[in-house]
Amino acid sequence: MKAVILAGGLGTRISEETHIKPKPMIEIGGKPILWHIMKLFSHFGVNDFIICCGYKGYIIKEYFANYFLHMSDVTFDMSNNKMEVHEQNAEPWKVTLVDTGENTLTGGRLKRVAKYLQNEKAFCFTYGDGVSNIDIKKEIEFHFGHGKLATVAAVQPPGRYGSLSMTGDLVDGFVEKPKGDGGFINGGFFVLSPKVIDFISGDESSWEGDPLEKIAKSRELMAFQHSGFWQPMDTLRDKNHLEELWSLGKAPWKLWD
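Fair warning: this is a prediction, and the values are worked out from it, not measured in the lab.

1. Some remarks on the packing of aromatic side chains
Phase 1 of the analysis: In the structure shown here, the tally under the stated rule is 15 aromatic pairs.
Phase 2 of the analysis: Ring geometry for Phe125 against Trp207: centres 5.7 Å apart, planes inclined by 90°, an arrangement best described as edge-to-face. With Phe125 in strand β8 (residues 123–127) and Trp207 in the loop between β13 (185–192) and α7 (210–217), this pair connects stretches of sequence that are 82 residues apart.
Phase 3 of the analysis: According to the relative accessible area criterion, Phe125 is buried, its value standing at 0%.
Phase 4 of the analysis: When its relative accessible area of 0% is taken as the criterion, Trp207 is described as buried.
Phase 5 of the analysis: Ring plane angle 55° and centroid distance 5.6 Å describe the contact between Phe142 and Phe224, whose orientation is recorded as tilted. Taken together, the residues span a long stretch of sequence, with Phe142 in helix α6 (residues 136–146) and Phe224 in strand β14 (residues 221–226) at a distance of 82 residues.
Phase 6 of the analysis: Pairwise contacts between aromatic rings join Phe41, Phe49, Tyr63, Phe64, Tyr67, Trp93 and Phe189 into one cluster.

Put into structure tokens, the structure is as follows:
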């Protein structure tokens, strides 16, 4: 199965870093968050990726072109113009990088890679800026089980601020990351039939808008409920939170060895 990852947005809410690199290339633990997302999919056997590039997409292309340089020890023999890679840390990945335009919206980016999905029964689809410990294998099984065109991971985001645990006016303790209002939101991990691309009009189409609404109204969208860890990286605060979890060895999304 293939996984399509959106990696072309401007990331204006985390402009402290995105003025020099695309948002999916912001590092957590010394590795781009895009790498973390791909490792998650790979853990569940999804190793064929289509990356929808846009803003500063050349940086993503250069990263994969020089993947061994980033991941392995190397010796450069200048006199003989040779490079030796030591202890290669190769991933079982096939990565297709597609320039989907700087100003194309999310649905338009998916439509632009349609030709790479023509022969697929289904494919995974996600954003290049969020991590989770979602069981992708179970979501895929759920998708094939219900037979509809689309599956979305439904998640309950944590509240933005900590809360007080109180008995009357007495404070018993603190809850650092309470659940939000109990409602489910789009968690950004989809399993889709290529037929959903017919709902997308063009570059100006936002996947989260008209296409997804039409699919839902057609009763072709099912929700795979995920109650575990889920965290987008929308702001510098989010990035620092993920970095702290990784540095403490408490990253819930690190399901791989």
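2. Digging into the pattern of salt bridges
When the charged atoms of two side chains with opposite charge come close together, those side chains can pair.
Phase 1 of the analysis: Applying the stated criterion across every chain yields a total of 8 salt bridges.
Phase 2 of the analysis: Residues Arg112 and Asp203 are paired through a salt bridge, measuring 2.6 Å at the closest nitrogen-oxygen approach. Of this pair, Arg112 sits in helix α5 (residues 106–112) while Asp203 is found in the loop between β13 and α7, placing the two residues 91 residues apart along the sequence.
Phase 3 of the analysis: Judged by its relative accessible area of 33%, Asp203 is partly exposed.
Phase 4 of the analysis: Where Glu141 meets Lys137, a salt bridge forms, and the shortest distance between an N and an O atom there is 2.7 Å. Residue Glu141 and its partner Lys137 are both found in helix α6; the two are separated by 4 residues, about one turn of the helix.
Phase 5 of the analysis: In the salt-bridge network here, residues are joined through shared partners; they are Lys23, Asp129 and Asp234.

Thresholds applied
- Residues numbered from 1 in each chain as written.
- Predicted model: local features only at pLDDT ≥ 70, side-chain atom pairs only at ≥ 80, totals over all residues.
- Heavy atoms only, no water.
- Phe/Tyr/Trp six-rings, centres within 6.5 Å; stacked < 30°, edge-to-face > 60°.
- Helix = DSSP H or I, 4+ residues; strand = E, 2+ residues; numbered from the N terminus.
- Buried < 20%, exposed > 50% of the residue type's maximum accessible area, 1.4 Å probe, protein only.
- Salt bridge = Lys/Arg side-chain N within 4 Å of Asp/Glu carboxyl O.

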